[in-house]
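If you want the building blocks of each chain, they are given just below.
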Amino acid sequence: MQTTTFAYRISASLALAFALTAAATATAAEPATAAAPPSQPNPYPAIDPEFSRPDPRRMPSRTTLRSYLAEEEANGYLNTFCFVQQAFKAEGAGDSDETLLWMIWHEGAYLQQINSVKDGQRYRSDPALDPVTAGHALAYASGGINLKTGVVPTDEDIGTSTFLVSRPWVNHKLAQCQRVGVQVRIPAFKPAKSAQ
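Criteria and cut-off values
- Residues numbered from 1 in each chain as written.
- Predicted model: local features only at pLDDT ≥ 70, side-chain atom pairs only at ≥ 80, totals over all residues.
- Heavy atoms only, no water.
- Helix = DSSP H or I, 4+ residues; strand = E, 2+ residues; numbered from the N terminus.
- Buried < 20%, exposed > 50% of the residue type's maximum accessible area, 1.4 Å probe, protein only.
- Contact = heavy atoms within 4.5 Å.
- Areas by Shrake-Rupley, 256 points an atom, 1.4 Å probe, with all protein chains shown as cover.
- Salt bridge = Lys/Arg side-chain N within 4 Å of Asp/Glu carboxyl O.
- pLDDT = per-residue confidence, 0-100.
- Core = buried A, V, L, I, M, F, W, Y, C linked by side-chain atoms within 4.5 Å.
- Polar contact = N/O pair within 3.5 Å; in protein donor to acceptor, adjacent residues only side chain to side chain.
- Axes fitted to C-alpha atoms, helices over the stretch in contact; angles between N-to-C directions.
- Parallel < 35°, antiparallel > 145°, perpendicular 65-115°, else oblique.
- Left-handed = near helix turned anticlockwise from the far one by under 90°.
- Nonpolar A, V, L, I, M, F, W, Y, C, P; charged D, E, K, R; others polar.
- Expected span 1.5 Å × (residues − 1).
- Arc of directions from axis to C-beta.

Undergrad: For the overall build of the protein, give the residues involved together with the corresponding values.
TA: Along the protein, the regular secondary structure elements total four helices and eight strands. Seen in sequence order, the protein has helices and strands lined up from the N terminus as α-β-α-β-β-β-α-β-β-β-α-β. A buried classification covers 28% of the 196 residues belonging to the protein. Considering only contacts in the protein between residues 6 or more positions apart, those separated by 24 or more positions represent 65%. For the protein, the exposed surface amounts to about 13,200 Å²; the carbon and sulfur share of it is 57%.

See below:
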């Protein structure tokens, strides 16, 4: 009888020890969980509804792209472009939503905004620009991003710079273009001789 009572006391002591340990662990975990910051939405989701297939009327023609490549002296080899449209919600009360058309030139390692359209408006190309002139204008447009020199590792590395972008930001654009964008291939060509 004494052995049974002793065994019972050991079992009860172990059960109490396990119960106290479990309670202490749960109590210790509560402040850590309560102190954790609320989760932030991922600024670069794999499937981003802001991106969509571009309106073909907003994309440069093949003639414009050939003119662009000739101006860049990059016509001697195959070049690939990707175009993707991105929607932006208005930030201020007087602003309106808009969509941007992005162009990624893979061989030239260049990302460029092509045009933007405010919500409720339709895109209209400049009637004064023929396709060849539009290609020249595209080659000399400002605001593009050189993906070899204008990219830093993280968003925090951008600091106060107005011309640097982060690698995650670029990778996000590339992934969305691959997902829903339009790929355009321009084979090598000899540019037409300009009339002088």
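Undergrad: I'd like a description of the pattern of salt bridges, backed by residues and values.
TA: For the structure shown, the criterion picks out two salt bridges. Here D55 makes a salt bridge to R57, at a shortest N to O gap of 2.8 Å. D55 sits in the partly exposed class, given a relative accessible area of 21%. Among the residues examined, R57 registers a relative accessible area of 57% and is labelled exposed. Taking the shortest distance from any N to any O, the salt bridge between D97 and K89 comes out at 3.6 Å. In this structure D97 comes out as partly exposed when scored by relative accessible area, which is 24%.

Undergrad: Describe in detail the confidence of the model for the protein, supporting the description with residues and values.
TA: When pLDDT is averaged along the protein, the result is 83, and 77% of the positions lie at 70 or above. The least confident element of the protein is helix α1 (residues 2-35), whose mean pLDDT is 44; the most confident is strand β8 (residues 182-186), at 98. Scored below 50 in pLDDT, residues 1-34 makes zero contacts in the model with residues more than four places away or belonging to other chains.

Undergrad: Pulling in residues and values, what's your account of the nonpolar core?
TA: If you look at the biggest cluster of nonpolar residues, it comprises 16 residues, and the most contacted ones within it are Y68, L69, F81, F83 and V184. Once residues within four sequence positions are removed from consideration, L69 is found in contact with A74, N75, N79, F81, W105, I186 and F189. Listed in part, the 15 residues of the second largest apolar core include C82, V84, A109 and L147.

Undergrad: Give a detailed account of the side chain of D48, specifying residues and quantitative values.
TA: Inspection of the secondary structure puts D48 in the loop between α1 and β1 (51-52). Side-chain polar atoms of D48 contact the backbone nitrogen of E50, separated by 2.9 Å. For D48, the contacting residues outside a window of four places in its chain are H172, Q176 and R179.

Undergrad: Explain the packing of helix α2 (residues 62-71) against helix α3 (residues 131-140) to me, and be specific about the residues and the numbers.
TA: One way to put it is that α2 packs onto α3 with a least axis distance of 7 Å and a crossing angle of 45°. The orientation of α2 with respect to α3, classified from their angle, is oblique. For the crossing formed where α2 meets α3, the hand is right-handed. Contacts from T63, T64, S67, Y68 and E71 of α2 reach α3 at P131, V132, A134, G135, H136, L138, A139 and Y140. Among the residues making up the contact of α2 with α3, the classes are represented as seven nonpolar, five polar and one charged.

Undergrad: Talk me through helix α4 (residues 167-180); I want residue IDs and the actual numbers.
TA: With 14 residues, α4 extends 20 Å from end C-alpha to end C-alpha; this agrees with the ideal 20 Å at 1.5 Å per step. Where α4 is concerned, the buried positions are V170, H172, K173, Q176, C177 and V180. Projection of α4 onto a plane perpendicular to its axis shows the buried side chains occupying an angular sector of 155°, all on one side.

Undergrad: I'd like to hear about unusual backbone geometry, residue by residue, with values.
TA: With the exception of glycine, most residues fall at negative phi, and the peptide bonds are largely trans. Its identity as a non-glycine residue notwithstanding, E73 has a phi of 55°, on the positive side. Within the element layout of this structure, E73 appears in the loop between α2 and β2 (79-88). The exposure class assigned to E73 is exposed, which follows from its relative accessible area of 70%. One non-glycine residue, A109, adopts positive backbone phi at about 50°. The topology assignment puts A109 in the loop between β3 (98-105) and β4 (110-118).

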